[in-house]
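Listed below are the residues making up each chain.
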Amino acid sequence: MRVHGASQGAGFFVAPGYVVTCAHVAGVRTGTRLPVFWNDTEFEGFVLTASAPPKGRDLWPYPDLAVVRLPDAPTNHPCVWLDTMPPSRDAPLTAIGFSDIYESGKASERSAALTRGGTTKLQGGSMLELVGGEVNKGLSGGPVLNHESGGVCAIVKATRLRNTSMGGLGTPVSALRLLDVEVYRALIRAHDVFHGQDDRWARLSDGLIGHGSGGAGEGLDPVLGPAEERQLLAIFSRLPMEPMDENPLPAHRTGVEGGFDTKPSSTSSHRAAFFAAAVEGAREPESYPLLDHRDVFTELAAQMPPEAGQLPYELAFAADLARQGVTDPACQGAVQQLRDLVLITAGRLGLGEKVQQRLAQGAASEAQASIIGRIRHSMRDRRLYHVRVWRYRSANDIDPAAPESDALPLNQAVERLAALLPEQIEIMGGATRPGLIELILPKEVLDEGFADLSLWPQLPWFSLGRKQRVVVRPLERHEAPALHAAWAERWQQLDGKAVSEMMVCVCGRGDQHQAALDASFDSDPTLAALALAGSPQSQPVSDAYQVAVASGVPMMVWRRGSPVCERDDGARCGAPDRRACPGNGFFAELCATLDDTRRDELPERIRQLRIDAQKPPKREGHLGDDIVLLWDDPGRQIPRSPLTPAQEGRS
């Protein structure tokens, strides 16, 4: 259609009543009325959202897009299919718009045969180079058809040189995600609903690119067919929208005059969904935010394909949505349709068993999901350490966050672990949503101040231990399978019991030497929760800690950096029992404070104690100051990996 706004150009329907064009064609003021012409009939539209204008006479800044709404749109009008996959180099393209070259002042429809050139970085965005033909100003705002995919992949933005065949630039359709979030979501869902019901475009595009429906009679095609993608996206559009994050971190400024003033940021739930389905080591797309289920799906489809025999990432994501379901009864039908379509598609791909396993995993509860970080010794030089992080949702759903680090000195290894945590916390729900952080550490790292870390420079009052449930776990036990039987038994002893009733005090002095402690643990499997009378870095508590780890004790609490407590009655410390220790005020206060706290509630209770320690009036020696919780669930183990990375084994 012709669009007469700030200038004259083209536009096109993407959903019933929704027109996409360039901001420099429509104008940038939200609510601006303007005439548009479709089939020589004039309609009134108004600008819903548009990107910011330039300063002075510069080229309009990226993405130079606008959405125009037609309240009285023509009935039964067709809509283009938006293709977010960038066309390949030299792919044939067609741009549609208008030209008055032959009749001055009278715009006539024109199609330009072009090909995909390279990519031009412009004003912070990536533009498609349209080469091999003339891109005149009347094509601005018009659609660019990719003949390889049968979809509209870009919007014409600018010519390189007027009245020449030097081509121009197109803005990828994914850049619509940089406009107003709510407008984009409404537009893209209306687009997918339309194409789920109207097959006019599908019949033409499938014929153009030689694809059928992707049905069962077409063999084991390793990718989803166009029809399957359209059907999945149509179902996604009927599922509830994920809420945008509350109190998001500051976004990038992009302008204030075009209906929005910040670059939208991805929702935490969509980031988490992307990484749950993506290839190991994948990074969230940086160019455009993930604002709806469709965005996750299309970005996953753009990844390098998985190994043969594995679920396509976008199909794994669809299975995750079907597995999680929704509570809204109005959406239950869509969820069931999604599940059925996932099963049918996987069956066509020969991956029925894989998708059944994915659907059967079950969504891990919020209390179970965690980030697991590990620091372990280098086997070539135990003065150096390797760092790795995982996202844990269940025993069958563990995603590596990044490759294991090179061998580093201890201080650099601690810094590396701290540097990896913020991004993973954001993926798993964000800093303000308390989650479990499990740190598997060697003994010499246990007293590092992880709970006191400030990982968010723009929010310096946030500390890791007050925003998240930070616990430590002993590396030594995780690398010694022979120690696991007693560990599992003692963990089970704590199930359903009040921690304060199970807690005993251990200091390693007197008759608590290592042989005596080992005998005590061997004779009493209920010894499963210890209050250490000092830090494991302090002797003789360090000796007692080693025995406790080897004996499978899964829960210990102490003060970071504290020396062994002083007894004031002159008595010797005997084998651990549940009597109050007269010399350890920490033990007595801990038992009183934990009261009826259960095993699985303890990480959150410790987080609350850290919060309480900062509340006024702040008192010296508050129980929440410097408290460390060792909370070691034997059911939550990371995948076994070689002790020596490959690069260390090379000559």
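Criteria and cut-off values
- In this numbering scheme, every chain counts its residues from 1 along its sequence in written order.
- Per-residue local features are limited, in this predicted model, to residues with pLDDT of at least 70; the limit for side-chain atom pairs, both in listing and counting, is 80 or more; totals at the level of whole chains, interfaces and linings are taken over all residues.
- Values reported for side chains reflect all heavy atoms of the structure, with hydrogen atoms and water molecules removed beforehand.
- Per the convention used, a helix needs a DSSP run of H or I reaching at least four residues, while a strand needs a run of E reaching at least two, with both numbered from the N terminus.
- In this scheme, a residue with accessible area under 20% of its type's maximum is buried, one over 50% is exposed, and one in between is partly exposed, where area comes from a 1.4 Å probe on protein chains only.
- By definition in these notes, contact holds between two residues if any of their heavy atoms fall within 4.5 Å.
- Here, Shrake-Rupley sampling with a 1.4 Å probe gives the accessible areas, and only protein chains in the shown set may cover a residue.
- Only buried residues count toward a nonpolar core. Its members are Ala, Val, Leu, Ile, Met, Phe, Trp, Tyr and Cys residues joined through side-chain atoms within 4.5 Å.
- Note on geometry: axes are C-alpha line fits, over the in-contact stretch for helices, and angles between N-to-C directions span 0 to 180 degrees.
- Angles are sorted into four bins: roughly parallel if under 35 degrees, roughly antiparallel if over 145, roughly perpendicular if 65 to 115, and oblique for all others.
- Helix crossings are classified by the rotation of the near helix relative to the far one: an anticlockwise turn of less than a right angle makes the crossing left-handed, while a clockwise turn makes it right-handed.
- Three classes are used, and their members are as follows: Ala, Val, Leu, Ile, Met, Phe, Trp, Tyr, Cys and Pro are nonpolar, Asp, Glu, Lys and Arg are charged, and the others, Gly among them, are polar.
- Read the arc as the range of directions from the helix axis to the C-beta atoms.
- DSSP bridges decide pairing: two strands pair if at least two such bridges lie between them.
- By this rule the span expected of a helix is its residue count minus one, scaled by 1.5 Å.
- Counting of polar contacts relies on pairs of N or O atoms within 3.5 Å, with two restrictions inside protein: one atom must be capable of donating a hydrogen and the other of accepting it, and residues adjacent in sequence are counted only when both atoms are side-chain atoms.
- Salt bridge, as applied in this entry: a Lys or Arg side-chain nitrogen positioned within 4 Å of an Asp or Glu carboxyl oxygen.
- Ring pairs are drawn from Phe, Tyr and Trp, using the six-membered ring of Trp, whenever the two centres fall within 6.5 Å, and their geometry is named by plane angle: stacked under 30 degrees, edge-to-face over 60, tilted for the rest.
- Cavities and pockets were defined on a 1 Å grid built from protein atoms only: a cavity is a group of points that admits a 1.4 Å probe but offers it no way out, a pocket is an open group of points flanked by protein on both sides within 12 Å along at least five of seven lines, and a lining residue is one with an atom within 4 Å of any such point.
- Grid points are joined across faces, edges and corners, and a volume is the space filled by probe spheres set on the points.

Caption draft 1: Quick look at the overall build of the chain. The secondary structure content of the chain amounts to 18 helices and 23 strands. Among the 651 residues that make up the chain, the fraction classed as buried is 53%. Expressed as a percentage of contacts within the chain between residues at least 6 apart in sequence, the contacts between residues at least 24 apart total 69%. Approximately 28,600 Å² of the chain is accessible, and the part contributed by carbon and sulfur atoms is 50%.

Caption draft 2: Fine view of the nonpolar core. With 78 residues, the main nonpolar core has Ile375, Leu417, Leu441, Met503, Leu530, Met556 and Leu590 as its most contacted residues. Sort the elements by how many residues they give to this core and helix α10 (residues 410-427) lands first, with 7 residues. The contacts of leucine 590, once residues within four sequence positions are left out, are Met503, Ala531, Val557, Leu623 and Ile627. In terms of nonpolar packing, the next biggest core, distinct from the first, is built from 46 residues, Ala15, Val20, Ala175 and Leu291 among them.

Caption draft 3: Spotlight on the packing of helix α5 (residues 268-277) against helix α6 (residues 293-301). Here α5 crosses α6 at 30°, and the two axes come no closer than 10 Å. Between α5 and α6, the crossing angle belongs to the class labelled roughly parallel. At the point where α5 passes α6, the crossing takes the right-handed sense. Where α5 approaches α6, its residues His270, Ala273, Phe274 and Ala277 are matched on the opposing element by His293, Val296, Glu299 and Leu300. Tallied by class, the residues present in the contact of α5 with α6 amount to 5 nonpolar, 2 polar and 1 charged.

Caption draft 4: Geometry of helix α9 (residues 352-360). Buried within α9 are the following residues: Val355, Arg358 and Leu359. Along the axis of α9, the buried positions cluster into a sector of 95°, meaning they face one direction only. Residues of α9 that are exposed and point over 90 degrees away from its buried face: Glu353 and Ala360. On its buried face, α9 is in contact with α5, α7 (313-324) and α8 (332-348).

Caption draft 5: Highlighting the sheet that holds strand β13 (residues 168-172). The strand order around the closed barrel built from 6 strands is β8-β9-β10-β13-β12-β11, with neighbouring strands paired in antiparallel fashion. The sheet shows a mean angle of 45° between the axes of neighbouring strands, direction not considered. When strand β10 (residues 125-131) meets β13, the two strands line up antiparallel, connected through 3 bridges. For leucine 130, the partnering residue across the bridge sits in β13 and is glycine 168.

Caption draft 6: Looking closely at α8. When the terminal C-alpha atoms of α8 are compared, their 25 Å separation across 17 residues agrees well with the 24 Å that a helix rising 1.5 Å per residue should span. Of the residues making up α8, those classed as buried are Ala334, Val335, Leu338, Leu341, Val342, Thr345, Ala346 and Arg348. End-on view of α8: buried residues confined to an arc of 150°, all on one side of the axis. Contacts made by the buried residues of α8 are with α4 (226-236), α7 and α9.

Caption draft 7: Up close: the side chain of asparagine 146. When you line up the elements, asparagine 146 lands in strand β11 (residues 143-146). When its relative accessible area of 3% is taken as the criterion, asparagine 146 is described as buried. There is a polar contact of 2.9 Å between the side chain of asparagine 146 and the backbone nitrogen of glutamate 148. Residues contacting asparagine 146, with those up to four places away along its chain left out, are Asp83, Pro87, Ala91, Pro92, Leu93, Gly151 and Cys153.

Caption draft 8: View of the packing of α6 against α7. Where α6 contacts α7, the axes come no closer than 7 Å and their chain directions differ by 150°. The angle between α6 and α7 falls in the class roughly antiparallel. Facing α6, whose interface residues are His293, Val296, Phe297, Leu300 and Ala301, α7 presents Tyr313, Glu314, Phe317 and Leu321. For the contact of α6 with α7, the residue count by class is 7 nonpolar, 1 polar and 1 charged.

Caption draft 9: Seen up close, the pattern of salt bridges. Summed over the entire model, instances satisfying the criterion amount to 29 salt bridges. Across the pair arginine 560 and aspartate 452 runs a salt bridge, and its minimum N-O distance is 2.6 Å. Separated by 108 residues along the polypeptide, arginine 560 in the loop between β22 (555-559) and α17 (585-594) and aspartate 452 in the loop between β18 (436-441) and α11 (464-467) bring together distant segments of the chain. On the basis of relative accessible area, arginine 560 is assigned to the partly exposed category, the value being 26%. Where glutamate 604 meets arginine 469, a salt bridge forms, and the shortest distance between an N and an O atom there is 2.7 Å. Placement of the pair is glutamate 604 in helix α18 (residues 602-612) and arginine 469 in strand β19 (residues 469-474), with a sequence separation of 135 residues. Of the residues examined, arginine 469 reaches a relative accessible area of 17% and is grouped as buried.

Caption draft 10: Up close: the environment of leucine 384. Within the fold, leucine 384 resides in strand β15 (residues 384-394). When the C-alpha positions of leucine 384 and asparagine 411 are compared, they lie 9.7 Å apart, and in sequence the two are 27 residues distant.

Caption draft 11: Quick look at the pairing of strand β5 (residues 33-38). In terms of strand pairing, strand β1 (residues 2-4) meets β5 through 2 bridges, oriented antiparallel. By the bridge assignment for β5, arginine 2 is matched with phenylalanine 37. Pairing of β5 with strand β6 (residues 41-50) involves 6 bridges; the strand directions are antiparallel. The residue bridging leucine 34 from the neighbouring strand is glycine 45, located in β6. In textbook terms, the turn of a hairpin is the stretch between consecutive antiparallel strands, and for β5 and β6 this stretch comprises 2 residues, one of which, asparagine 39, has a positive phi near 55°.

Caption draft 12: Highlighting the pairing of strand β23 (residues 627-631). Where burial is concerned, most of β23 is hidden: 5 out of the 5 residues are buried. The two faces of β23 match: Ile627, Leu629 and Trp631 on one face and Val628 and Leu630 on the other face are all buried.

Caption draft 13: Seen up close, the packing of aromatic side chains. Under the criterion given, the structure shown has 7 aromatic pairs. Ring plane angle 80° and centroid distance 5.9 Å describe the contact between phenylalanine 13 and tryptophan 38, whose orientation is recorded as edge-to-face. Separated by 25 residues along the polypeptide, phenylalanine 13 in strand β3 (residues 12-15) and tryptophan 38 in strand β5 bring together distant segments of the chain. Judged by its relative accessible area of 5%, phenylalanine 13 falls in the buried class. Ring geometry for phenylalanine 236 against phenylalanine 297: centres 5.6 Å apart, planes inclined by 70°, an arrangement best described as edge-to-face. Here phenylalanine 297 lies in helix α6 and phenylalanine 236 lies in helix α4, a separation of 61 residues in the sequence.

Caption draft 14: How the structure looks around the sheet that holds β5. As summarised here, the arrangement of the 7 strands in space is β2-β1-β5-β6-β7-β4-β3, forming an open sheet in which the pairing is antiparallel. Two strands bound the open sheet, and with one partner strand each, they are β2 (8-10) and β3. If you compare each strand with its neighbour and ignore which way they point, the axes differ by 40° on average. Of the pairings in the sheet, the one linking β6 to strand β7 (residues 66-69) comprises 4 bridges and is antiparallel in character. Looking at β7, one finds that phenylalanine 46 is bridged to arginine 69.

Caption draft 15: Summary view of empty space enclosed by the protein. Per the stated rule, a full pass over the model turns up 2 cavities of 30 Å³ or more. Reported here for the second largest cavity is a volume of approximately 60 Å³. Forming the boundary of the second largest cavity are Leu82, Thr84, Val173, Ser174, Leu176, Arg177, Tyr184, Ile188, Arg294 and Asp295. Of all the elements in the fold, those that place two or more residues in the lining of the second largest cavity are α2 (181-197) and α6. Broken down by class, the residue content of the lining of the second largest cavity amounts to 5 nonpolar, 2 polar and 3 charged.

By themselves, these observations are geometric and do not establish any function.
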